[in-house]
Amino acid sequence: MQQTIQRIIQNAPYKVHMFVKDFKTNQFIVKERLDEPFSSASLIKVPILVAVLDTIEHCNTSLHQELTIRPEDWVDFSVLSEQRITTSTIYELLVWMITTSDNTATNVFIDMIGMKALNSCFRKMGLTGTLIQRKMMDIERLGQGIDNVTTARDMAHLFSQIYEQTILTPPLSQLVIEILCRQRFHDCLRRYIVDDIKIAHKTGSLDSVDHDVGILYNNVHDYGIGVFITEVNENDSARQLIGHLSKIVYDNRLQLKGEVT
């Protein structure tokens, strides 16, 4: 499998960062450009999810507390903006932020916690290469080269903690997994997988990047996988590449599961 993946990556028209990690052995099966930073796009919403839950726990705040959403907070690619919603609970905003990658919800949380505090939370999670420097849809700062960044190693570390349910208290750790499992975008990691699999994941996309990272459960060989494509000039082609690499890994893990059973 590793040789096949390496050959595909070498022949890809884009730059590929990738990891596959067996969560039972805690070993990397595939590791490609683990420490090279790249634009996180909406992947940054996963550590924000964890940071928000950590913050409200320490502040003894209810998930059902309502937050105000000002009209000037509404941004593109947001179901909240589409509905002209002006109040929403923390729980609802967290769900929208992950399941539909809602940018308005994300910006509300960035304002609530602050970028400096978020970056401090990220460091406490052990994310050494992840940094938030702009709000969602801040095209002006993005045009100035100011972007949110992460690494494949950070994403592997984050999702390992999510899988082990050690990143927060057990109930909140389980909530993180439940929300990630409700993801509505499935055109990358599970694109070519016909089975009805359980996957807790998050996508991220800009004109020049396409990512998908998560936990794939198959009872025996649960594993984490992240494929991060940069220098993209055609998004659907990049998503097909992610789907192809994911299918190769899935078929290999499925074969191992069959050997065990």
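See the structure above.
The following refers to the structure shown. (Residues numbered from 1 in each chain as written. Predicted model: local features only at pLDDT ≥ 70, side-chain atom pairs only at ≥ 80, totals over all residues. Heavy atoms only, no water.)

**Here we look at the overall build of the chain**
Our working definition: Here a helix means four or more residues in a row that DSSP labels H or I, a strand means two or more in a row labelled E, and each is numbered from the N terminus. Our radius of gyration looks at C-alpha atoms and nothing else; its globule reference is 2.2 Å times the residue count to the power 0.38. Categorising residues by exposure relies on relative accessible area from a 1.4 Å probe, with only protein chains included: less than 20% of the type maximum marks a residue as buried, more than 50% marks it as exposed, and the intermediate range marks it as partly exposed. Here, two residues are considered to be in contact whenever any of their heavy atoms come within 4.5 Å of each other. Using a 1.4 Å probe, the Shrake-Rupley method yields the accessible areas, and only the shown protein chains count as cover for residues. Counted as positive: Lys and Arg. Counted as negative: Asp and Glu, with His and the chain ends omitted from the count. Note on charges: their place is set at NZ of Lys, CZ of Arg, CG of Asp or CD of Glu.
The number of helices and strands found in the chain is ten helices and nine strands. The C-alpha radius of gyration of the chain comes to 18 Å, within 12% of the 18 Å expected for a compact globule of 261 residues. With respect to the principal axes defined by its C-alpha atoms, the chain has extents near 50 × 40 × 35 Å. Scored against the burial criterion, the 261 residues of the chain give a buried share of 54%. Looking at the chain alone, contacts between residues at least 24 apart form 64% of all its contacts between residues at least 6 apart. For the chain, the exposed area adds up to about 11,600 Å²; of that, 48% sits on carbon and sulfur atoms. Counting 26 positive and 32 negative side-chain charges, the chain places the averaged centre of each group 3 Å from the other.

**Quick look at the side chain of Thr230**
By secondary structure assignment, the location of Thr230 is in strand β9 (residues 223–230). Take Thr230: its relative accessible area is 9%, and that puts it in the buried class. Not counting residues up to four positions away in its chain, the partners in contact with Thr230 are Tyr14, Lys15, His17, Phe38, Ser208, Val209 and His211.

**A closer look at the environment of Cys181**
Topologically, Cys181 is positioned in helix α9 (residues 170–181). Cys181 sits 153 residues away from Phe28 along the chain, and the two C-alpha atoms are 23 Å apart. With residues up to four places along the chain from it excluded, the contact list for Cys181 reads Lys198, Ile199 and Ala200.

**A word on helix α5 (residues 103–113)**
What counts is decided by this rule: Pairs of N or O atoms within 3.5 Å make up the polar contacts considered here, provided that, within protein, one atom can donate a hydrogen while the other can accept it, and that residues adjacent in sequence are counted only when both atoms are side-chain atoms.
For α5, the buried fraction is high: nine of the eleven residues fall into the buried class. Every buried residue of α5 is accounted for by Asn103, Thr104, Ala105, Thr106, Asn107, Val108, Phe109, Ile110 and Ile113. Where α5 is buried, its residues meet α2 (45–58), β4 (66–68), α3 (79–83), α4 (90–99) and α6 (115–124). Put simply, Asp102 is the residue that caps the front of α5, since its side-chain oxygen is 3.0 Å from the backbone nitrogen of Thr104.

**Some points on α4**
Most of α4 sits inside the fold, with seven of its ten residues counted as buried. The positive-phi residue at the C-terminal boundary of α4 is Ser101, with phi of around 55 degrees.

**Concerning the sheet that holds strand β8 (residues 209–217)**
Here is the rule we go by: Note on pairing: DSSP must find at least two bridges between two strands before they are called paired. For helices, the fitted axis covers only the stretch in contact; all axes are lines through C-alpha atoms, and the angles between them, taken along N-to-C directions, range from 0 to 180 degrees.
Spatial strand order, β2-β1-β9-β8-β7: five strands in an open sheet with antiparallel pairing. This sheet does not close on itself; its edge strands, each paired only once, are β2 (27–32) and β7 (198–206). The sheet shows a mean angle of 5 degrees between the axes of neighbouring strands, taken without regard to direction. Across five bridges, the pairing between strand β1 (residues 15–22) and β2 is antiparallel. By the bridge assignment, Val20 is partnered in β2 with Val30.

**Details of the pattern of salt bridges**
Short version of the rule: Each salt bridge in this description consists of a side-chain nitrogen of Lys or Arg and a carboxyl oxygen of Asp or Glu lying within 4 Å of one another.
As enumerated under the stated definition, the model contains 15 salt bridges in all. For Lys24, the salt bridge is made with Asp222, and the minimal N-O distance between the two is 4.0 Å. Of this pair, Lys24 sits in the loop between β1 and β2 while Asp222 sits in the loop between β8 and β9, placing them 198 residues apart in sequence. Residue classification places Asp222 among the buried residues on the basis of a relative accessible area of 6%. For the salt bridge of Asp111 with Lys135, the shortest nitrogen-to-oxygen distance reads 3.0 Å. A residue pair is termed long-range when its members are at least 10 positions apart, and Asp111 in helix α5 and Lys135 in the loop between α6 and α7 (139–143) qualify at 24 residues. We classify Lys135 as partly exposed; its relative accessible area is 25%. One network of salt bridges, with partners in common, ties together Lys15, Glu32, Arg33, Glu36 and Glu231.

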